[in-house]
Amino acid sequence: MSEKRRKIIRKGLEAADGLSLGISIVVAVLIGIALGILMKKFTPYPWLFWVGVFWGVAAAILNVYKAYKAQVKSYKEFEKRDLLVKKTQKKSE
């Protein structure tokens with residue numbers, strides 16, 4: 001596989017990860033808002049709406065953190081793979 005093709009595929013995968021992360025952030029906040037509305041509706045405490053919003057935002061932040069950790073791990077694996085490829089190429093020469 002050519003280097004140009006690898007770069008195109010890598011960019012596509014990174015874009016897909018970014019899109020899914022964006023969607024998960026929006027969904028987490030919307031679920032938190034929905035929970036807040038339900039808690040406000042079924043309890044006499046209107047401030048529970050804000051608890052739901054907080055849960056949604058916290059879940060979105062957790063999603064971003066998990067995605068960051070996965071990317072760091074992925075890049076470390078790429079570095080290890082690149083080192084192995086270089087060693088193999090040197091041995092074959």
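Quick note: structure is the one above.
Below, the structure is looked at part by part. (Residues numbered from 1 in each chain as written. Predicted model: local features only at pLDDT ≥ 70, side-chain atom pairs only at ≥ 80, totals over all residues. Heavy atoms only, no water.)

1. Quick word on the overall build of the protein chain
Inclusion rule: Every helix listed is a DSSP run of H or I at least four residues long, and every strand listed is a run of E at least two residues long, numbered separately from the N terminus. Working definition: with a 1.4 Å probe on protein chains only, accessible area under 20% of the residue-type maximum means buried, over 50% means exposed, and in between means partly exposed. By definition in these notes, contact holds between two residues if any of their heavy atoms fall within 4.5 Å.
Regarding its fold elements, the protein chain presents 2 helices and 0 strands. Expressed along its principal axes, the backbone C-alpha trace of the protein chain runs to roughly 75 × 20 × 10 Å. Out of the 93 residues in the protein chain, the part that is buried amounts to 11%. Partitioning the intrachain contacts of the protein chain with sequence separation of at least 6 by distance along the chain shows that 53% fall at a separation of at least 24.

2. Observations concerning the environment of Gly-22
Assignment of secondary structure puts Gly-22 in helix H1 (residues 3-42). For Gly-22, a relative accessible area of 31% translates into the label partly exposed. Separated by 32 residues in sequence, Gly-22 and Phe-54 place their C-alpha atoms 18 Å apart.

3. Here's the deal with the packing of aromatic side chains
Geometry of an aromatic ring pair is reported as the spacing of the ring centres plus the angle between the planes. The condition is simple: Side-chain rings of Phe, Tyr and Trp (the six-membered ring for Trp) are treated as a pair once their centres are within 6.5 Å; stacked means planes under 30 degrees apart, edge-to-face means over 60, and tilted covers the remaining angles.
A full pass over the atoms with the stated rule returns 2 aromatic pairs. Between Tyr-45 and Trp-47 the ring centres are 5.9 Å apart and the planes differ by 50°, which places this aromatic pair in the tilted class. Residue class for Tyr-45 comes out partly exposed when judged on its relative accessible area of 45%. Ring plane angle 80° and centroid distance 4.9 Å describe the contact between Phe-49 and Trp-50, whose orientation is recorded as edge-to-face.

4. Quick notes on helix H2 (residues 48-92)
Selection criterion: A helix is expected to reach a length of 1.5 Å times the quantity of its residues less one.
Compared with the 66 Å implied by 1.5 Å per residue over 45 residues, the 66 Å span of H2 between its first and last C-alpha is a close match. Residues of H2 that are buried include every one of Leu-48, Phe-49, Gly-52, Val-53, Gly-56 and Ala-60, and no others.

5. Regarding the environment of Tyr-65
With respect to the helices and strands, Tyr-65 occurs in helix H2. Expressed as a C-alpha distance, the spacing of Tyr-65 and Lys-76, which sit 11 residues apart in the sequence, is 17 Å.

6. Considering a nonpolar patch on the surface
Applied cut-off: Distance thresholds for patches are 9 Å for like charges and 5 Å for nonpolar side chains (Val, Leu, Ile, Met, Phe, Trp, Tyr), applied to residues having over 30% relative accessible area and no salt bridge. Under the convention used here, a 1.4 Å probe and the Shrake-Rupley method define accessible areas, while residue burial counts only the protein chains that appear. Here, a salt bridge means any side-chain nitrogen of Lys or Arg that lies within 4 Å of a carboxyl oxygen of Asp or Glu.
Together, Leu-19, Ile-23, Val-27, Ile-31, Leu-35, Leu-38, Phe-42, Phe-54 and Trp-55 make up a nonpolar patch on the protein surface, roughly 950 Å² of accessible area in all. Among the secondary structure elements, those contributing two or more residues to the nonpolar patch are H1 and H2. Of the residues forming the nonpolar patch, the biggest block, 7 residues, is contributed by H1. Mapped onto the fold, Phe-42 is located in helix H1.

Worth remembering: the numbers are spatial, not functional.
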